[in-house]
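What the coordinates show
Given next are the chains, with one letter for each unit.
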Amino acid sequence: MYHFIINPNSRSGAGARIWSELQSVLDKNYIPYKAYFTEYPGHAVKLAASVCSSDAAPASICLVAVGGDGTIQEVLSGIPSLRSVRFGYIPTGSGNDFCRSMQLPQNPLDALDAILSEAACTPMDVAEFTANGQSCRFAISCGIGFDAAVCHEINRSPLKKFMNRIHLGKFAYLLIGLKQLLLLPPVGISIETENGEKHFYEKVFLTAVMNHKYEGGGFRFCPEADSHDGFLDVIIVEGMRRPALIFCLFLSIFGKHTVFRGVHQLRCKAVTVRSSEPLAVHKDGESAGICKKFTASLAKDPVQVILPGKSIS
């Protein structure tokens, strides 16, 4: 039995249409499944918890998120025991950083084929995040500064919905990204890792804690990040003039930005990040509000992610 948690509003409503196509394949092949639709932000957390805690739930549940990277974050946050789940993902969002890092199909029908074939699973580290007194899990990244400011604004802007309707969703990220790039002031950031190691950086533009290589729709901020290695990678970008910063961000698409003097990297299992000023914070591309402090650490157990195999079609 496959359990699908679907965000029908992903990509400005395209998620519902894509699910209709996926459902046709499931019905055509007589695949046993149950579908659950999210109705509001955070609903996928409750749905995942309900599915996994049901009296009829088997020892190992195949749970599939159908949505964007934010849907992944919510589903993982709702799972009571990561050991009890085989996790599948069908992308219907616009970023698809999870697919890039895990080398999963970005076409929804191909992703469904990969899940149904279920040739193999691989353990993936999952991280836990706390800010503003609330905790959750994340799969890809969390952070404060530039990337979080873009997430915070774009999730509240009608521009994204409009651009998605005309299939130019990434252009909305570009416009808002340029705005934040020009206007966001740098701040002081202090970082403390689980072993007591402390660092302070002045005039920081971006601080990201990465479980995967990619975030923000293809920026390879931590090119050495590996979601199987039992560590989180942290990148801090500080002390750059705006022209150099623009070039640095451009090179990060190719993972070549780490040569800049203002780029610092750390590797740890847990980290506390403090900002001198309240700033936007994000987890997996979803706003986590405004704050001056957040923590991130590896969850006790990894989750088994379904990998592509031979197609059933």
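Scroll up a little and you will see the structure.
Residues numbered from 1 in each chain as written. Predicted model: local features only at pLDDT ≥ 70, side-chain atom pairs only at ≥ 80, totals over all residues. Heavy atoms only, no water.

Turning next to the overall build of the chain. Across its full length, the chain holds nine helices and 15 strands. In terms of overall size, the chain behaves like a compact globule, its C-alpha atoms giving a radius of gyration of 19 Å where 313 residues would be expected to give roughly 20 Å. The buried share among the 313 residues of the chain stands at 53%. For the chain, long-range pairs separated by at least 24 residues make up 71% of all intrachain contacts whose partners lie at least 6 apart in sequence. About 14100 Å² of surface is accessible on the chain, with carbon and sulfur atoms providing 54% of the total. Considering the chain, the positive charge centre built from 31 side chains and the negative charge centre built from 28 side chains are found 4 Å apart. (Helix = DSSP H or I, 4+ residues; strand = E, 2+ residues; numbered from the N terminus. Rg over C-alpha atoms; globule rule 2.2 N^0.38 Å. Buried < 20%, exposed > 50% of the residue type's maximum accessible area, 1.4 Å probe, protein only. Contact = heavy atoms within 4.5 Å. Areas by Shrake-Rupley, 256 points an atom, 1.4 Å probe, with all protein chains shown as cover. Lys, Arg positive; Asp, Glu negative; His and termini not counted. Charge placed at Lys NZ, Arg CZ, Asp CG, Glu CD.)

Taken in spatial order, the six strands make up an open sheet running β2-β1-β3-β4-β15-β5, and their pairing is mixed. Each end of this open sheet is capped by a strand with a single partner; those strands are β2 (33-37) and β5 (120-124). Between one strand axis and the next, the sheet turns by 30° as a mean value, whatever way the strands run. As paired elements, strand β3 (residues 61-67) and strand β4 (residues 85-91) share seven bridges and run parallel to each other. (Pairing = 2+ DSSP bridges. Axes fitted to C-alpha atoms, helices over the stretch in contact; angles between N-to-C directions.)

So, about a nonpolar patch on the surface. Nonpolar side chains collect at one region of the surface, where Phe247, Phe250, Ile253 and Phe254 lie side by side and expose about 380 Å² of accessible area between them. Residue position: Phe250 is located in helix α9 (residues 242-252). (Patch = residues over 30% accessible without salt bridge, like charges linked within 9 Å, V, L, I, M, F, W, Y side chains within 5 Å. Salt bridge = Lys/Arg side-chain N within 4 Å of Asp/Glu carboxyl O.)

A few words now on the state of the cysteines. Across all of its chains, the model carries zero disulfides by this definition. Of all cysteine sulfurs, the one in Cys62 lies closest to Cys121, which takes part in no disulfide; the gap is 7.8 Å. Free of any disulfide, Cys248 has its nearest neighbouring cysteine sulfur in Cys222, separated by 12 Å. (Disulfide = S-S within 2.5 Å.)

Among the nonpolar cores identified, the biggest contains 28 residues, and Leu63, Leu76, Phe87 and Phe98 are the most heavily contacted of them. Broken down by element, this core gets its largest block of residues, five residues, from helix α2 (residues 43-53). Residues within four places of Phe87 in sequence aside, it is in contact with Leu63, Ala65, Ile72, Val75, Leu76, Phe98, Val303, Gln304, Val305 and Ile306. Tyr201, Val234, Phe294 and Ala296 belong to the second-largest nonpolar core, a separate cluster that totals 26 residues. (Core = buried A, V, L, I, M, F, W, Y, C linked by side-chain atoms within 4.5 Å.)

Bringing the environment of Thr38 into the picture now. Position of Thr38 among the secondary structure elements: in the loop between β2 and α2. Thr38 gets classed as buried once you look at its relative accessible area, which sits at 10%. Taking the C-alpha atoms as reference points, Thr38 and Asn7, 31 residues apart in sequence, are found 5.3 Å from one another. In this view, Thr38 contacts Ile5, Ile6, Asn7, Pro8, His43, Ala44 and Leu47; residues no more than four positions away in its chain are not counted.

Once that is clear, we can look at helix α5 (residues 108-117). In terms of residue burial, α5 counts as a mostly covered element, since seven of its 10 residues are buried. Buried within α5 are the following residues: Pro108, Ala111, Leu112, Asp113, Ala114, Ile115 and Leu116. Its side-chain oxygen placed 2.9 Å from the backbone nitrogen of Leu109, Asn107 serves as the N-cap of α5. One or two positions beyond α5, positive phi appears at Glu118, with a value near 40°. (Polar contact = N/O pair within 3.5 Å; in protein donor to acceptor, adjacent residues only side chain to side chain.)

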